[in-house]
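Observations on chain architecture
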Amino acid sequence: GEKLENVNQNFIGKFLFDGYIPFLKWIRILVYIMAFSTPLYLKSVVFNEFGIYGFTMLFLVMLIRPLADVFPDFGILRTLVSMRREFGIFSGMLILSHFFGFFMQSDLSIFTSLTESWIWNYKDPYLWGLIGVTFSIPLLLSSNNFSMRLLKTSWKTVQRLSYVFFIFGAIHVYLVGRKNDALIYGILVSVFWILSLLKIKLKLYSDHEKKL
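Residues numbered from 1 in each chain as written. Predicted model: local features only at pLDDT ≥ 70, side-chain atom pairs only at ≥ 80, totals over all residues. Heavy atoms only, no water.

**So, helix H7 (residues 125–141)**
The end-to-end C-alpha distance of H7, which contains 17 residues, comes to 25 Å, matching closely the 24 Å that a straight helix rising 1.5 Å per residue would cover. Restricting attention to buried positions, one finds in H7 the residues Pro125, Leu127, Trp128, Gly129, Leu130, Gly132, Val133, Ser136, Leu139 and Leu140. In this fold, the buried residues of H7 make contact with helix H5 (84–105), helix H9 (154–159) and helix H10 (161–175). (Helix = DSSP H or I, 4+ residues; strand = E, 2+ residues; numbered from the N terminus. Expected span 1.5 Å × (residues − 1). Buried < 20%, exposed > 50% of the residue type's maximum accessible area, 1.4 Å probe, protein only. Contact = heavy atoms within 4.5 Å.)

**Observations concerning a nonpolar patch on the surface**
Taken together, the side chains of Phe23, Trp26, Ile27, Ile29 and Ile33 make up a nonpolar region of the molecular surface, amounting to roughly 550 Å² of accessible area. Note that Ile33 resides in helix H2 (residues 24–37). (Patch = residues over 30% accessible without salt bridge, like charges linked within 9 Å, V, L, I, M, F, W, Y side chains within 5 Å. Areas by Shrake-Rupley, 256 points an atom, 1.4 Å probe, with all protein chains shown as cover. Salt bridge = Lys/Arg side-chain N within 4 Å of Asp/Glu carboxyl O.)

**Observations regarding helix H11 (residues 179–197)**
Three- or four-residue spacings in an α-helix give side chains the same orientation, since the helix completes a turn every 3.6 residues. The first and last C-alpha atoms of H11 sit 27 Å apart over 19 residues, in line with the 27 Å expected at 1.5 Å per residue. Here the buried face of H11 lies against helix H3 (47–70) and H10. Following H11 by one or two positions, Lys199 adopts a phi angle in the positive range, close to 60 degrees.

**Here's the deal with the environment of Leu161**
Positionally, Leu161 belongs in helix H10. Exposure remark for Leu161: the relative accessible area of 21% places this residue in the partly exposed category. Between the C-alpha atoms of Leu161 and Gly132, which are 29 residues apart in sequence, the distance is 9.8 Å. Excluding anything up to four places from it in sequence, Leu161 contacts Phe135, Pro138 and Leu139.

**Digging into the nonpolar core**
Of all hydrophobic cores here, the largest spans 40 residues; its most connected members are Phe55, Leu58, Phe166 and Val189. For this core, the elements supplying multiple residues, two or more each, are H2, H3, helix H4 (75–81), H5, H7, H10 and H11. With 11 residues, H3 is the largest single contributor of residues to this core. Other than its neighbours up to four places away in sequence, Leu58 contacts Ser91, Ile95, Phe165 and Phe166. (Core = buried A, V, L, I, M, F, W, Y, C linked by side-chain atoms within 4.5 Å.)

**A look at unusual backbone geometry**
Even without being a glycine, Phe23 presents a positive backbone phi close to 55 degrees. Relative to the assigned elements, Phe23 resides in the loop between helix H1 (2–17) and H2. Located in the positive-phi region is Lys199, a residue other than glycine, with phi close to 60 degrees. Along the chain, the position of Lys199 falls in the loop between H11 and helix H12 (207–211). For Lys199, a relative accessible area of 68% puts it in the exposed group.

Listed below in structure tokens is the structure:
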């Protein structure tokens, strides 16, 4: 029993502080498979849930980098930062499936709807969702190594559209009635990005203690 307990403690320590995740390569592949399989469910009734899951995942993708900066002792956060691309793509695919699923189940044409007044009403969620989805497309198309080589220094500029994507997504979520989600997610991301920009780090151990 004591030996098993020590093994568990060692694993938890490696997981939390060293950022060790078993089968990480296969987890990355699984996330990609799940991401690109979401269009298969466009005609199902789960497209609304795709919007909720997609925005929650987008929130976590936006939060994880500043969180890792503020809590540098937790290696697991840095490992999850390295997976932002996979989960960013998954988030984008969920939100796109949510967007197209809405039009398919409502029996509406996207292009015809663009001429309708209801979609351009800033008081309704549709406009903000449309703008958010528009910004998600260049993000998805550039989330690969080929685009990094092609765009070079401009690649980071394109990827910064994720902030705009998140903001418009939060407005959309707020207007569909999930006000608490939009406000809490928005506040948390803002607070930790500010802490990160101010280079505030909350450590469990000082650098001197680590050397000892």
